[in-house]
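# Understanding the architecture of this molecule
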Amino acid sequence: MSLQVAVVTFDGFNELDSFIAYGLINRARVQGQDVTAYITTPTPVVTSMNGVEVTGQRPLGFITEADVVLLGSGIKTRDVVADDTLLTRLPLDPARQLIGSQCSGALVLAHLGLLTGRPACTDAITRPWLEERGVTVLDAPFHAEGAIATAGGCLASVYLAAWTLLHTVGESAAWAAIEYAAPVGEKQEIVQRVMSRVRTVEAALR
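A brief report on the enclosed structure follows.

What counts, and where the lines are drawn
Sequence order as written defines the numbering, with residues in each chain counted from 1. Residue-level local features of this predicted model are given only where pLDDT is at least 70; pairs of side-chain atoms are given and counted only at 80 or more, and the full residue set underlies all totals for whole chains, interfaces and linings. The basis for every side-chain value is the complete set of non-hydrogen atoms in the structure, without hydrogens or water. Comment: elements are numbered from the N terminus, with helices defined as DSSP H or I runs of at least four residues and strands as E runs of at least two. Contacts are assigned to residue pairs that have any heavy atoms within 4.5 Å of one another. Within 3.5 Å is the distance limit for a polar contact, defined as a pair of N or O atoms, with the added protein rule that one can donate a hydrogen and the other accept it, and that residues adjacent in sequence qualify only through two side-chain atoms. By convention a nonpolar core is built from buried Ala, Val, Leu, Ile, Met, Phe, Trp, Tyr and Cys residues, the set being connected through side-chain atoms within 4.5 Å. In this scheme, a residue with accessible area under 20% of its type's maximum is buried, one over 50% is exposed, and one in between is partly exposed, where area comes from a 1.4 Å probe on protein chains only. By convention in this document, the label disulfide applies to cysteine sulfur atom pairs within 2.5 Å. Only the contacting stretch of a helix is used when fitting its axis, a line to C-alpha atoms as for every element, and angles between N-to-C directions run 0 to 180 degrees. Here is the rule for handedness: rotate from the far helix to the near one, and if that takes an anticlockwise turn smaller than a right angle the crossing is left-handed, while a clockwise turn gives right-handed. Three residue categories are used. Nonpolar comprises Ala, Val, Leu, Ile, Met, Phe, Trp, Tyr, Cys and Pro, charged comprises Asp, Glu, Lys and Arg, and polar comprises the others, including Gly. Centres within 6.5 Å make a pair out of two Phe, Tyr or Trp rings, where for Trp the six-membered ring is used; the pair is then stacked when the planes are under 30 degrees apart, edge-to-face when over 60, and tilted otherwise. Whether a charge lies above a ring is judged from NZ of Lys or CZ of Arg, which has to be within 6 Å of the ring centre and within 35 degrees of the ring normal.

## Observations regarding the environment of Arg89
- With respect to the secondary-structure elements, Arg89 resides in the loop between α3 (84-87) and β7 (98-102).
- Here the alpha-carbon distance between Arg89 and Pro42, two residues 47 residues apart in the chain, equals 8.6 Å.
- Apart from the residues within four sequence positions on either side, Arg89 is in contact with Pro42, Leu60 and Ile63.
- Only 3.3 Å separates the side chain of Arg89 from the backbone oxygen of Pro42, close enough to count as a polar contact.

## Considering the nonpolar core
- Of all hydrophobic cores here, the largest spans 40 residues; its most connected members are Val5, Ile25, Phe142, Trp163 and Leu165.
- Tallying contributions element by element places helix α6 (residues 157-168) first for this core, with eight residues.
- Within the second largest apolar cluster, 29 residues are counted, among which are Ala66, Val81, Leu87 and Leu92.

## Thoughts on unusual backbone geometry
- The phi dihedral of Cys103 falls on the positive side, at around 50°, and the residue is not glycine.
- Mapping Cys103 onto the fold places it in the loop between β7 and α4 (105-111).

## A word on the environment of Val137
- Here Val137 shows up in the loop between α5 (127-132) and β8 (142-145).
- In sequence terms Val137 and Ile63 are 74 residues apart; their C-alpha atoms lie 26 Å from each other.
- In contact with Val137, not counting residues within four places along its chain, are Ala120, Thr122, Arg127, Leu130 and Glu131.

## Here we look at the state of the cysteines
- Applying the stated criterion to the full structure yields zero disulfides.
- In this structure Cys103 is a free cysteine whose sulfur lies 5.0 Å from that of Cys154, the closest cysteine sulfur available.
- Given the relative accessible area of 25%, Cys154 is considered partly exposed.

## Concerning the packing of helix α1 (residues 15-30) against helix α7 (residues 171-181)
- Contact pair α1 / α7: the axes reach a minimum separation of 9 Å and the direction vectors enclose 115°. Where α1 crosses over α7, the handedness of that crossing is right-handed. The segment α1 lies against α7, with Leu24, Arg27 and Ala28 engaging Ala177, Ile178, Tyr180 and Ala181.
- Its residues assigned to classes, the contact of α1 with α7 comprises six nonpolar, no polar and one charged.

## Describing the packing of aromatic side chains
- Applying the stated rule across the entire model yields four aromatic pairs.
- Pairing Phe19 with Tyr22 gives two aromatic rings, centres 6.4 Å apart and planes at 65°, and the pair type is edge-to-face. One end of the pair, Phe19, and the other, Tyr22, are both in helix α1, three residues apart, so they sit about a helical turn from each other.
- Each ring, one from Tyr38 and one from Phe62, has its centre 5.4 Å from the other, and the planes form 80°; the classification is edge-to-face. Of the two residues, Tyr38 sits in strand β2 (residues 35-41) while Phe62 sits in the loop between β5 (58-59) and β6 (68-71), which places them 24 residues apart along the sequence. We note that Tyr38, like Phe62, is buried.
- Grouping aromatic residues by their ring pairs yields a cluster made of Phe13, Phe19 and Tyr22.
- Residue placement shows Arg27 over the ring face of Tyr180; its charged tip is 3.7 Å from the ring centre.
- Geometry around Trp129 places Arg78 over its ring, the cationic atom sitting 4.1 Å from the centre.

Following this line, the structure appears as structure tokens:
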């Protein structure tokens, strides 16, 4: 059975934050790897921060089936964390799932108690809101501890995708997916930087 990734995408989402990780992970599938990412939404249709309407591929209940859950970012994340009913629909389980957040998605992890005692990465706008909850925010694009990873800055989603692929289908698949998307003439440099960051962060915690 294919490994399944839920890219959780809320109304007001940032297109880069959801679609970069989604596209890179599914690039590995195109290359024959047994992993599939799905845009996973709380309502049948969500609208991005720039007005793009997207039909979800999976409902939020799919989270319980997913092997990996990546929480996207957007301009309405504070509304998400203020909605207790919506938060109860996010039964994340780091004991059996890889869990990642992109930018303000870290605020959701914090409200679910998954960042207690650990630092996180996020974007500049979300940073003070995380710090208000006692989370130490790193000046870094990516951080991972065990089954939980956080990324900060839209283009940092490439690190989240690489981390996901590294831990599901292996380093060669992660390398190939990032290399495919990297700019011509800069492929080796970018792939090496991304993979080095992901490997170094985890090695430092062992």
